[in-house]
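# Fold and contact review
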Amino acid sequence: MEKTARVLIDCKDAKGLVYEIAKVFYDRGLNIDNNGEFVDKAHGRFFMRTVVSGLFDVAELLNELKTVAPSDAHIRVVEPKDKKIILMATKESHALGDILVRHANGELDAQIECVIANHDTLETFVRRFDVPFFHVPAEGRSREEHEELVMKLINEFDFDYIVLAKYMRILTPDFVKAYPEKIINIHHSFLPAFIGANPYKQAFERGVKIIGATAHFVTDDLDEGPIIAQDVIPVNHRYTWKDMQKAGRDVEKVVLSRALALVLHDRVFVNGNKTVVF
């Protein structure tokens, strides 16, 4: 029975790579349904995402690709299926709600395992979508103690990604290290210019003319991990700071869902502190 797979290759650049890889597909009688390539010339890295279809065994195709790729190659052959995600939140519902609605409408291409929050504010809202909700309060606990409880809960699930849907706590290096390139965050794009509890009011007082959002993988460098998606919208003197905040939240939820879709469809390669997005 014919099937489809995404072939993802990240390796040192070399002459003839596209030919050698394509020949593997041709020799096996596979059809290339979609293909994208990129060479980071500054660092000599080659990236390729190819969707193939036909009759094949995943393990055999992977082994054959390894014989033609450089020894340092990171190769994955992924059969399309819904990935599993864990959502983390605090009190704001806009980013979380957008993902829950998309999931309920069958638009997410992912299974939501649960929502974990450090406040119970969103529990009733989340349970309307028949998604498990876990409240892990941080009050009276050190950051490490709180994260230990959260990680114990997370590790009970089989998951592919953790999505910080406006989870308003800074993660420790130990937490980030436990889930490398698996944590996705969203934040407003004012950083580092406007830091603090009310960046939109600061932006209003400064008279900014655009506001936006950035979705990225989480690293130890706060809000500076590899960027997956960004967007901006124009604002003007007629906007109050609350108007800006409302518009900013709309951008945040759209950018987060866009980034999540890219990751769930295996379109994102991490390249140092940047990404290659096909």
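Below you will find a few notes about this structure. (Residues numbered from 1 in each chain as written. Predicted model: local features only at pLDDT ≥ 70, side-chain atom pairs only at ≥ 80, totals over all residues. Heavy atoms only, no water.)

### A short note on the overall build of the protein
Threshold: Numbering of helices and strands runs from the N terminus; a helix is a DSSP stretch of H or I covering at least four residues, while a strand is a stretch of E covering at least two. Throughout this description, buried means an accessible area under 20% of the type-specific maximum (1.4 Å probe, protein chains only), exposed means over 50%, and partly exposed covers the range between. Throughout, a residue-residue contact means that at least one pair of heavy atoms, one from each residue, lies within 4.5 Å. Reported accessibility uses the Shrake-Rupley method at a 1.4 Å probe radius. Residues are deemed covered only where the shown protein chains occlude them. This count recognises Lys and Arg as positive and Asp and Glu as negative, with His and chain-terminal groups excluded. Note that the charge is assigned to NZ on lysines, CZ on arginines, CG on aspartates and CD on glutamates.
Tallying secondary structure elements over the protein gives eight helices and 13 strands in all. Referenced to the eigenvectors of the C-alpha coordinate spread, the extents of the protein come out at roughly 60 × 40 × 35 Å. Scored against the burial criterion, the 278 residues of the protein give a buried share of 45%. Contacts spanning at least 24 positions in sequence make up 66% of the contacts within the protein whose residues lie at least 6 apart. As displayed, the protein offers around 14,600 Å² of accessible surface, 50% of which is attributable to carbon and sulfur atoms. Taking the 36 positively charged and 42 negatively charged side chains of the protein as two groups, their mean positions are separated by 5 Å.

### Thoughts on the packing of aromatic side chains
Note the threshold: Two rings belonging to Phe, Tyr or Trp (six-membered ring only in the last case) form a pair when the distance between their centres is within 6.5 Å. Interplanar angles under 30 degrees mark stacking, angles over 60 mark edge-to-face geometry, and anything in between is tilted.
Throughout the structure, instances matching the rule amount to seven aromatic pairs. Considering the side-chain rings of Phe134 and Phe157, the 6.1 Å spacing of their centres and the 65° angle between planes classify their relative orientation as edge-to-face. In this pair, Phe134 is assigned in strand E7 (residues 133-135) and Phe157 in the loop between helix H5 (143-154) and strand E8 (161-164), connecting sequence segments 23 residues apart. Ring centres 5.6 Å apart and planes at 85° place the aromatic pair Phe269 and Phe278 in the edge-to-face group.

### Thoughts on the packing of helix H3 (residues 94-104) against helix H8 (residues 241-264)
Just so we agree on the cut-off: With axes taken as lines fitted to C-alpha atoms, and helix axes fitted only over the stretch in contact, angles between N-to-C directions fall between 0 and 180 degrees. Note that the term roughly parallel is reserved for angles under 35 degrees, roughly antiparallel for angles over 145, roughly perpendicular for angles of 65 to 115, and oblique for everything else. By convention the crossing between two helices is left-handed if the near helix lies anticlockwise of the far one by an angle smaller than a right angle, and right-handed if it lies clockwise. Polar here means any residue outside two lists: the nonpolar Ala, Val, Leu, Ile, Met, Phe, Trp, Tyr, Cys and Pro, and the charged Asp, Glu, Lys and Arg; Gly therefore counts as polar.
Here H3 crosses H8 at 45°, and the two axes come no closer than 8 Å. Accordingly, the angle class assigned to the pair H3 and H8 is oblique. With respect to the hand of their crossing, H3 and H8 are arranged in right-handed fashion. Seen from H3, the contacting residues are His94, Ala95, Asp98, Ile99 and Arg102; seen from H8, they are Arg249, Glu252, Lys253, Leu256, Ser257 and Leu260. Partitioning the contact of H3 with H8 into residue classes produces four nonpolar, two polar and five charged.

### Some thoughts on a negative patch on the surface
Counted only if it meets this: To count toward a patch, a residue needs a relative accessible area above 30% and no salt bridge. Like charges then connect within 9 Å, nonpolar side chains (Val, Leu, Ile, Met, Phe, Trp, Tyr) within 5 Å. When a carboxyl oxygen of Asp or Glu lies within 4 Å of a side-chain nitrogen of Lys or Arg, that pair is called a salt bridge.
On the surface, Glu144, Glu145, Glu148, Asp174, Asp220, Asp221 and Glu224 cluster together to form a negatively charged patch. Considering every element that reaches the negative patch, the biggest residue donor is H5, with three residues. Mapped onto the secondary structure, Glu148 falls in helix H5.

### Here we look at the side chain of His187
Inspection of the secondary structure assignment puts His187 in strand E9 (residues 183-188). Classification of His187 as buried rests on a relative accessible area of 8%. Apart from the residues within four sequence positions on either side, His187 is in contact with Ala213, Thr214, His216, Asp223 and Glu252.

### Let's talk about H8
Formally: The length a helix should cover is 1.5 Å for every residue beyond the first.
Taking 1.5 Å as the rise per residue, H8 with 24 residues should run 34 Å; its terminal C-alpha atoms sit 34 Å apart, in good agreement. Looking one or two residues beyond H8, the residue adopting positive phi is Asp266, at roughly 55°.

### Some points on the sheet that holds E7
The line we're drawing: By the convention used here, strands pair only if DSSP detects at least 2 bridges between them.
Ordered in space as E7-E6-E5-E8-E9-E10-E11, the seven strands form an open sheet in which the pairing is mixed. The open sheet is flanked by E7 and strand E11 (227-234), the only strands paired with a single partner. Put simply, the sheet's adjacent strands are angled 20° from each other on average, direction ignored. Bridge count between strand E5 (residues 83-89) and E8: four bridges; the pairing is parallel. Paired with Ile85 across the strands is Tyr161, a residue of E8.

### Concerning the pattern of salt bridges
Think of it this way: side chains of opposite charge can pair up when their charged atoms draw near. With the rule as written, the count across this model stands at 14 salt bridges. Note that Arg45 is salt-bridged to Asp72, the shortest N-O span being 2.7 Å. A residue pair is termed long-range when its members are at least 10 positions apart, and Arg45 in strand E3 (residues 45-54) and Asp72 in the loop between helix H2 (58-68) and strand E4 (74-78) qualify at 27 residues. Using a relative accessible area of 37% as the deciding quantity, one classes Asp72 as partly exposed. As a salt-bridge pair, Lys166 and Glu252 come within 3.4 Å of each other at their nearest N and O atoms.

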